[in-house]
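Residue-level structure breakdown
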Amino acid sequence: MEKKLNYIFELHKTLSEQNIILVYEGEFSQEITKSVLSMAEKNMDTTNEDLNIKKKVFNVMVECLQNICKHSEEFGGDNDDFNTAIFMIGKEHETYKITSGNVIYNNKVEGLKAKLEKINSLDKEGLKEYYKNTLSNSELSDKGGAGLGFIDMARKSGQKLAFEFTKIDEQISFFSLQSTIARNI
Amino acid sequence: MNNINLEGTEDTPKIILDATNNIFEISGRSLPEDCATFYKPILEWLAAYEPTQKVNFEIKLDYFNTASSKMILDMLTRLEKIKNKGKEVIITWYYSEDDEDMHEAGEEFSELVEIPFEIKSL
């Protein structure tokens, strides 16, 4: 007999192998953001995670989730399925990994890449200056962003941001982003 | 002018702007979806306020997102303008003991405005 439900087992195996403790796939909103944050906080509370680590994970999660909310584009017509994104938290012995993936227009790729490369080229002090300059000189965009999200994720995680763009077609790409937060073990 | 007294929620801070009792405080968590709309009445209140006594603006936030940090700087800039009109204004920034990031955030804000800034651990 054909196993139509086998994908569930495969998905479960993949998530276990990658040590994923929480995954959300679908449309993103502030309500979803609050629910995801609350689940992750409960998980860290039950394992008595260190306060500073807990706050860093929370911080990076908020920026990541709100970024997706603000920039999830309205893809009409044939691209209706792309108006969803994925968010995951992986927990290993020494790190938390916060990962997101969402669809963006190809014309956004270069700008995003340049910004992320700039952030990754800076050290702790450089990031602090970049943050302060952006904070003093920027206005909130019409989407409500301050242009500080990625800088903050890099500062709070203390590690380089990992990112990849996968071209889907002539119009859109898939943007994957991962922040790693070290646990003090 | 009317006092502002907002209860905190899971994603918005508790805010007291009480000219009658001379209490000015923001505490809790700040990560609203639309920061500009949430903070608009607060910024307008501060822009219109003409104190008759010393103002101690107390910031006791556990957490704020990056869009809120922009709004915090805007509040501090309003307070700086009050100070520049010859009024006495101080900011007290509280952070939980051991919360290094909130301690550092207080120091950074203190470098961005010209107002006496006290940073204290709770």
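As shown above, the structure is provided for reference.
Residues numbered from 1 in each chain as written. Chains lettered and ligands numbered in written order. Predicted model: local features only at pLDDT ≥ 70, side-chain atom pairs only at ≥ 80, totals over all residues. Heavy atoms only, no water.

**Quick word on the overall build of chain B**
Assigned secondary structure in chain B consists of three helices and six strands. Secondary structure elements in chain B, listed N-terminal to C-terminal, are β-β-β-α-β-α-β-α-β. Here the C-alpha atoms of chain B give a radius of gyration of 13 Å, agreeing with the 14 Å that 2.2 N^0.38 yields for 122 residues. Counting every position in chain B, which comprises 122 residues, the buried fraction comes to 52%. Partitioning the contacts of chain B with sequence separation of at least 6, the portion at a separation of at least 24 is 68%. Only carbon and sulfur atoms are counted for the fraction: they give 44% of the accessible area of chain B, which is about 5700 Å². Positive and negative side-chain charges in chain B, numbering 12 and 25 respectively, have mean positions lying 9 Å apart. (Helix = DSSP H or I, 4+ residues; strand = E, 2+ residues; numbered from the N terminus. Rg over C-alpha atoms; globule rule 2.2 N^0.38 Å. Buried < 20%, exposed > 50% of the residue type's maximum accessible area, 1.4 Å probe, protein only. Contact = heavy atoms within 4.5 Å. Areas by Shrake-Rupley, 256 points an atom, 1.4 Å probe, with all protein chains shown as cover. Lys, Arg positive; Asp, Glu negative; His and termini not counted. Charge placed at Lys NZ, Arg CZ, Asp CG, Glu CD.)

**Regarding the sheet that holds strand 1 (residues 4–6) of chain B**
Strand pairing in a sheet relies on backbone hydrogen bonds, with the paired strands running either antiparallel or parallel. Residue and element names in this part refer to chain B. Read across the sheet, six strands follow the order 1-2-3-4-5-6 without closing on themselves; strand pairing throughout is mixed. At either margin of the open sheet sits one strand with a lone partner, and together these are strand 1 and strand 6 (117–121). Put simply, the sheet's adjacent strands are angled 15° from each other on average, direction ignored. Sheet contacts for helix 2 (residues 66–84): strand 3 (23–30), strand 4 (55–64), strand 5 (89–95) and strand 6; angle to strand 4, the most-contacted strand, approximately 175°. (Pairing = 2+ DSSP bridges. Axes fitted to C-alpha atoms, helices over the stretch in contact; angles between N-to-C directions.)

**Notes on the packing of aromatic side chains**
This model, assessed by the stated rule, comprises twelve aromatic pairs over all chains. Relative to Tyr49(B), the ring of Trp45(B) has its centre 4.8 Å away and its plane inclined at 25°; by these criteria the two rings are stacked. An angle of 40° between the planes, with centres 5.5 Å apart, marks the rings of Trp93(B) and Phe109(B) as tilted. With a gap of 16 residues between them, Trp93(B) in strand 5 and Phe109(B) in helix 3 (residues 100–112) connect regions that are remote in the sequence. Residue classification places Trp93(B) among the buried residues on the basis of a relative accessible area of 0%. Above the ring of Tyr130(A), the side-chain terminus of Lys118(A) is found at 4.1 Å from the ring centroid. Sitting over the face of the ring of Tyr131(A), Arg155(A) holds its NZ or CZ atom 5.1 Å from the ring centroid. (Phe/Tyr/Trp six-rings, centres within 6.5 Å; stacked < 30°, edge-to-face > 60°. Lys NZ or Arg CZ within 6 Å of the ring centre and 35° of its normal.)

**Re helix 4 (residues 109–121) of chain A**
All names here are of chain A. For helix 4, built from 13 residues, the straight-helix expectation of 18 Å at 1.5 Å per residue is met to within 8% by its first-to-last C-alpha distance of 18 Å. Listing the buried residues of helix 4 in full gives Val109, Leu112, Leu116, Ile119 and Asn120. Take helix 4 and look down its axis: the buried residues cluster within an arc of 100°, on one side only. Opposite the buried face of helix 4, at more than 90 degrees from it, the exposed residues are Glu110 and Ser121. At its buried positions, helix 4 is contacted by strand 3 (95–105), helix 5 (124–137), helix 6 (149–157), strand 4 (162–167) and strand 5 (172–182). (Expected span 1.5 Å × (residues − 1). Arc of directions from axis to C-beta.)

**Describing the interface of chain B and chain A**
Contact with chain B, which involves 28 residues of that partner, is made by 30 residues of chain A. Taking both sides of the interface into account, the surface hidden between chain B and chain A amounts to around 2500 Å²; carbon and sulfur atoms contribute 49%. By the criterion of area lost to chain A, the three top residues of chain B are Tyr63(B), Thr66(B) and Lys70(B), representing 25% of everything that side buries. Between the two partners, chain B and chain A, sit eight salt bridges. Between Glu108(B) and Arg155(A) there is a salt bridge whose closest N-O contact spans 2.5 Å. Going through the elements one at a time, helix 1 (35–48), strand 4, helix 2 and helix 3 of chain B are the ones with two or more residues in the side of chain B that touches chain A. With eight residues, the single largest contributor to the side of chain B that touches chain A is helix 3 of chain B. (Buried area = accessible area lost by both parts, 1.4 Å probe. Salt bridge = Lys/Arg side-chain N within 4 Å of Asp/Glu carboxyl O.)

**Focus: the side chain of Ser179(A)**
Within the secondary structure, Ser179(A) is located in strand 5. Owing to a relative accessible area of 0%, Ser179(A) belongs among the buried residues under this scheme.

**Side note on the pattern of salt bridges**
The full count for this structure, using the stated rule, is 19 salt bridges over all chains. In this structure, Lys56(A) engages Asp101(B) in a salt bridge whose closest nitrogen and oxygen atoms are separated by 2.9 Å. Pair noted here: Lys56(A) is in helix 3 (residues 51–71) and Asp101(B) is in helix 3, and the two residues belong to different chains. A relative accessible area of 16% means that Lys56(A) is categorised as buried.

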